[in-house]
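# Examination of the molecular architecture
Listed below, chain by chain, are the residues.
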Amino acid sequence: MSIKRLVMVAAFSALTTILYIFVKFPLPIFPSFLDVNISMIPVIICSFMLGPIDASICVLIRFLIKLPLSSTAYVGEIADLIMGLATCLPCGIIYKTKLKHKTLIAFLAVPIMWVLSGILTNVFINIPFYIKFYFDGDMTPLLGMCKDAFKLISFGKINNITVDNFLMYYVLLAVIPFNLLLSLIVIVVTLPVHKRLRSLYDMIKINS
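An account of the accompanying structure is given in this report.

Definitions and cut-offs
By convention here, each chain's residues receive numbers from 1 onward along its written sequence. For this predicted model, a pLDDT threshold of at least 70 governs which residues receive local features, and a threshold of 80 or more governs which side-chain atom pairs are given and counted, while totals over whole chains, interfaces and linings are taken from all residues. Excluding hydrogens and water, the side-chain figures rest on all heavy atoms present in the structure. Strands are runs of DSSP state E lasting at least 2 residues, helices are runs of H or I lasting at least 4, and numbering of each runs from the N terminus. The reference for a compact globule is 2.2 Å times residues^0.38; the radius of gyration itself is calculated from the C-alpha atoms. Three exposure classes are used, based on accessible area relative to the maximum for each residue type with a 1.4 Å probe and protein chains only: buried under 20%, partly exposed in between, and exposed over 50%. The contact rule is simple, with two residues in contact once any of their heavy atoms fall within 4.5 Å. All tallies of charge rest on Lys and Arg as positive and Asp and Glu as negative; His and the ends of each chain are not included. Every charge is mapped to an atom, namely NZ of Lys, CZ of Arg, CG of Asp or CD of Glu. Any two rings among Phe, Tyr and Trp, with Trp reduced to its six-membered ring, count as a pair given centres within 6.5 Å; such a pair is stacked if its planes are under 30 degrees apart, edge-to-face if over 60, and tilted if neither. Residues belong to one nonpolar core when they are buried, are Ala, Val, Leu, Ile, Met, Phe, Trp, Tyr or Cys, and are joined through side-chain atoms within 4.5 Å. Here, the term disulfide refers to a pair of cysteine sulfur atoms separated by no more than 2.5 Å. Exposure above 30% relative accessible area and the absence of a salt bridge qualify a residue for a patch, where like charges join within 9 Å and nonpolar side chains (Val, Leu, Ile, Met, Phe, Trp, Tyr) within 5 Å. All accessible areas in this document rest on Shrake-Rupley with a 1.4 Å probe, and a residue is counted as covered only by the protein chains that are shown. Salt bridges, as used here, are contacts in which a Lys or Arg side-chain nitrogen is within 4 Å of a carboxyl oxygen on Asp or Glu. Two axes enter the bend calculation: one fitted to the seven residues ending at the residue in question, the other to the seven starting there, and the bend is the angle between them.

What the protein contains, in helices and strands, is seven helices and two strands. Of the regular secondary structure in the protein, the N- to C-terminal order runs α-β-β-α-α-α-α-α-α. Computed over its C-alpha atoms, the radius of gyration of the protein comes to 18 Å, within 12% of the 17 Å expected for a compact globule of 208 residues. Taken over the C-alpha atoms alone, the protein extends approximately 55 × 35 × 25 Å along its principal axes. Burial status across the protein gives 46% buried among its 208 residues. Across the protein, the fraction of contacts at a sequence separation of at least 24, relative to all contacts at a separation of at least 6, is 68%. Here the protein contributes 17 positive and 9 negative side-chain charges, whose respective centroids are spaced 17 Å apart.

Printed below as a string of structure tokens:
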């Protein structure tokens, strides 16, 4: 890697790490443990400017720096690592192609991959771990933490949530809408930044 490229990767890594650690907040309509963070903005810009590998390095550096500060026994960080890679790699790969509408397609790939990876990480990593580690295998406390949020999201129409169907409703009422909203927020903020920085891409002469 050239010095120029190393400096750019370091800068994007610093930005995404700062946003990841310090800029986060909950939304009242979702379970309180789901925090909004916009740390993927620098990563997506990096995937456009430098490429998917460089963006993946930023996600990995963010992950490694956050590990000593973990409050989720590293599970939350691992899930975020998977989701970050699943989002930035396709986005960057598409943008490096010669497709006619590659920017639009790359931006469309962001919410799709974000939501899909969010479903998989929650179903197979986050929820099973939290239930076993924090609640001794009992899903009832987690159900209690989510019930009010589920009522808000469904406008009070869904009240028959039990231990047996909790995971399905959690995916439908929390994981999908939360990650879709979060990815759209990131896109809305990233798009004008991308347009302003686009003239720099050719100057850097790293990306295709």
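Applying the stated rule across the entire model yields 11 aromatic pairs. Between F129 and Y134, the aromatic rings sit 6.3 Å apart at their centres with planes inclined by 90°, giving edge-to-face as the arrangement. Given the relative accessible area of 23%, F129 is considered partly exposed. Relative accessible area serves as the criterion here: at 39%, Y134 is assigned to the partly exposed category. Judged by centre distance (5.0 Å) and plane angle (85°), the ring pair of F133 and Y134 falls under edge-to-face. The exposure class of F133 is partly exposed, given its relative accessible area of 49%. Taken together through their ring pairs, the aromatic side chains of F33, F150, F166 and Y170 make up a single cluster.

All right, on to the nonpolar core then. Counting 48 residues, the largest nonpolar core has F12, F48, W114, F150, I161, F166 and Y170 as its most contacted members. At the level of secondary structure, the elements contributing two or more residues to this core comprise α1 (3-22), α2 (40-49), α3 (52-66), α4 (75-95), α5 (102-135), α6 (140-153) and α7 (166-204). No other element matches α7, which puts 10 residues into this core. With sequence-adjacent residues up to four places away left out, F166 is seen in contact with M139, L142, L143, C146, F150 and I161.

Inspection of the entire model under this criterion finds zero disulfides. No disulfide involves C46; its nearest neighbouring cysteine sulfur is the one of C58, lying 3.8 Å away. The closest cysteine sulfur to the non-disulfide-bonded C88 is located on C91, 8.0 Å from its own sulfur.

Turning our eyes to something else, we now look at a nonpolar patch on the surface. Taken together, the side chains of I3, L6 and V7 define a hydrophobic patch exposed on the protein surface, amounting to about 300 Å² of accessible area. Assignment of secondary structure puts I3 in helix α1.

The largest bend along α5 measures about 50° and falls at N122. Of the residues one or two after α5, D136 is the one with positive phi, at around 55°.

Function-wise, these values are silent; they only describe arrangement.
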